[in-house]
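# Coordinates in review
For reference, the chains in residue letters:
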Amino acid sequence: MKAELKALAAIKPKKRMNGEYLLSLVISILAALLVGAGIMLISGHNPIAGYQAMLNGALGNTRAIGDTLAKSATLCLTGLAMAVAAKAGIFNVGGEGQLYLGAIAAALVGGYVTGLPMVLGIALSMLAAMVAGGLYALLPAWLKVKLKVNEVITTIMLNSAAIYFCSFLANGPLKTAEKGIATGTVKIDANYVFPRLIKLSSLTSSIFIAAGVAFVIWYLMKRTTGGYEMKLTGENDRFARYTGIKTDNLALIAMVISGAICGLVGMFEVFGLHKRFLDTVSSEFYFDGMLVAMIMRYDPIGIVLMSLFFGILKIGSMGMEKVGIPSETILIVQSIIIFFMAAESGIMRGIKDRRMRKRAQKAILAVEKEAAQ
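Structure report, in brief. Since the structure is predicted, the reported quantities are computational estimates derived from the model, not experimental observations. (Residues numbered from 1 in each chain as written. Predicted model: local features only at pLDDT ≥ 70, side-chain atom pairs only at ≥ 80, totals over all residues. Heavy atoms only, no water.)

## Digging into the pattern of salt bridges
Under the criterion given, the structure shown has five salt bridges. We note a salt bridge from Arg241 to Asp237, for which the minimum N-O separation is 3.6 Å. In this pair, Arg241 and Asp237 are both assigned in helix α10 (residues 237-242), four residues apart and thus about one turn of the helix distant. A relative accessible area of 43% places Arg241 in the partly exposed class. (Salt bridge = Lys/Arg side-chain N within 4 Å of Asp/Glu carboxyl O. Helix = DSSP H or I, 4+ residues; strand = E, 2+ residues; numbered from the N terminus. Buried < 20%, exposed > 50% of the residue type's maximum accessible area, 1.4 Å probe, protein only.)

## A few points about the packing of helix α6 (residues 118-147) against helix α7 (residues 151-171)
To characterise two packed helices, one gives the angle between the axes of the helices and the distance between these axes. Where α6 meets α7, the closest approach of the two axes is 9 Å, and the angle between their N-to-C directions is 150°. Taken as axis vectors, α6 and α7 run roughly antiparallel relative to one another. Classified by chirality, the crossing of α7 by α6 is right-handed. Residues Tyr136, Leu139, Pro140, Leu143 and Lys144 of α6 form the contact with α7, whose participating residues are Glu151, Thr154, Thr155, Leu158, Ala161 and Ala162. Tallied by class, residues from the contact of α6 with α7 come to seven nonpolar, two polar and two charged. (Axes fitted to C-alpha atoms, helices over the stretch in contact; angles between N-to-C directions. Parallel < 35°, antiparallel > 145°, perpendicular 65-115°, else oblique. Left-handed = near helix turned anticlockwise from the far one by under 90°. Contact = heavy atoms within 4.5 Å. Nonpolar A, V, L, I, M, F, W, Y, C, P; charged D, E, K, R; others polar.)

## Thoughts on a nonpolar patch on the surface
A surface patch of nonpolar side chains, amounting to about 620 Å² of accessible area, comprises Tyr112, Val113, Leu120, Leu124, Leu127, Val131 and Leu135. The leading source of residues in the nonpolar patch is α6, at five residues. Following the sequence through the fold, Val131 ends up in helix α6. A residue is classified by how much of its surface remains accessible, and Val131, at 41% relative accessible area, is partly exposed. (Patch = residues over 30% accessible without salt bridge, like charges linked within 9 Å, V, L, I, M, F, W, Y side chains within 5 Å. Areas by Shrake-Rupley, 256 points an atom, 1.4 Å probe, with all protein chains shown as cover.)

## Examining the packing of aromatic side chains
Overall, the coordinates contain seven aromatic pairs when judged by the stated rule. Centre to centre, the rings of Phe194 and Phe268 are 5.9 Å apart; their planes meet at 75°, and the pair counts as edge-to-face. Within this pair, whereas Phe194 is found in the loop between α7 and α8 (206-223), its partner Phe268 is found in helix α11 (residues 247-274), the two being separated by 74 residues in sequence. The class of Phe194 is buried, set by a relative accessible area of 5%. Judged by its relative accessible area of 7%, Phe268 falls in the buried class. Here the aromatic rings of Phe309 and Phe310 are separated by 6.1 Å at their centres, their planes lie at 55°, and the arrangement is tilted. Assessed through its relative accessible area of 23%, Phe309 is described here as partly exposed. What makes Phe310 buried here is its relative accessible area of 1%. Through a chain of ring-to-ring contacts, the aromatic side chains of Phe194, Phe268 and Phe271 assemble into a single cluster. (Phe/Tyr/Trp six-rings, centres within 6.5 Å; stacked < 30°, edge-to-face > 60°.)

## Some thoughts on a positive patch on the surface
On the surface, Arg354, Arg355, Arg357, Lys358, Arg359 and Lys362 cluster together into a positively charged patch. The topology assignment puts Arg354 in helix α15 (residues 344-372). (Lys, Arg positive; Asp, Glu negative; His and termini not counted. Charge placed at Lys NZ, Arg CZ, Asp CG, Glu CD.)

## Some words on the packing of helix α5 (residues 95-112) against α6
Running from N to C, α5 and α6 point in directions that differ by 150°, and their axes come no closer than 7 Å. Classified by the interaxial angle, the pair formed by α5 and α6 is roughly antiparallel. Crossing angle aside, the handedness with which α5 passes α6 is right-handed. For the pair α5 and α6, the contacting residues are Gln98, Leu101, Gly102, Ala105, Ala106, Val109 and Gly110 in the first and Leu124, Ser125, Ala128, Ala129, Ala132, Gly133, Tyr136 and Ala137 in the second. Residues that form the contact of α5 with α6 fall into these classes: ten nonpolar, five polar and no charged.

Right, dumping it as structure tokens:
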């Protein structure tokens with residue numbers, strides 16, 4: 001995962017989505033799928049059957065579709081959290097820790113503030129999650145703005161601090177006394193639980209809130225003055241300052257919004273699936289979302305679409321195991337896509353240089369022919 005993030009560090013917010021980039025993305029995906037097919041052939045498996053099993057595992061029945069949509073929603077929100085901060089010129093690599101703090105804050109409200117109407121109880125829990133995640137993201141942002149401390153380093157370090165702190169609380173002072181529960185906080189009020197939309201799947205009614213959050217972030221980034229200022233700051237912060245934009249305040253606000261979204265993701269996991277805080281509430285959800293955001297150059301619509309594609313890959317990989325193909329094959333496909341997109345600018349530059357040389361050679365030959373005549 002760290003290697004993938006290093007590779008994608010070359011994809012900066014100032015680079016825009018365009019037709020050329022989308023063409024490169026399509027070619028990268030096709031090339032990665034071909035490599036995956038080659039691996040299957042070498043290992044003695046039928047690649048057509050393998051990819052069919054992947055699609056069946058992700059979209060073959062209502063339960064699979066529910067799991068795919070749930071995974072896609074998580075990827076989408078974490079990707080948008082990364083995009084909001086990156087567009088304002090600040091990189092939030094600490095979303096995993098913010099997710100954990102949001103999850104445990106929401107679990108405490110849901111577990112101890114009981115007996116309220118469902119809407120009020122859920123609203124208070126969401127607020128607690130957003131505040132916890134947002135405030136934790138504010139710390140590295142403040143250090144970046146005021147003391148010029150590299151936010152990538154501080155957010156990575158704060159990730160571990162938050163995760164270990166939440167694990168300590170769930171296994172120590174806040175551990176439930178319920179019999180048969182080895183770890184975790186008290187169970188949240190049953191009235192606050194997000195109901196499952198599809199039986200046995202991980203899709204819950206929280207997806208409607210997630211869709212609302214995604215729409216708000218899209219509107220913020222694409223249709224507001226603040227979104228334009230974020231874009232301008234991410235592309236050229238010095239120019240943005242000269243135009244009167246308060247880039248420091250913008251970075252702080254963007255980071256708080258990013259952390260708040262991460263906190264919400266943690267709350268959705270607790271109130272939708274686990275019913276309590278567990279120290280396994282996330283499996284590097286934020287890092288997967290970061291990859292989606294970076295590949296799509298922080299474009300909100302692109303993040304939604306790529307989240308759906310990666311959701312199909314991740315859920316479908318479990319279907320491949322049923323026909324004897326290791327799910328790690330899909331991880332290889334994903335990594336190859338990331339590699340190609342990280343190298344995209346260099347590859348396209350090489351192709352353009354080759355075209356220009358050929359044109360120059362043709363022009364020279366044409367001039368020589370005219371001179372010979």
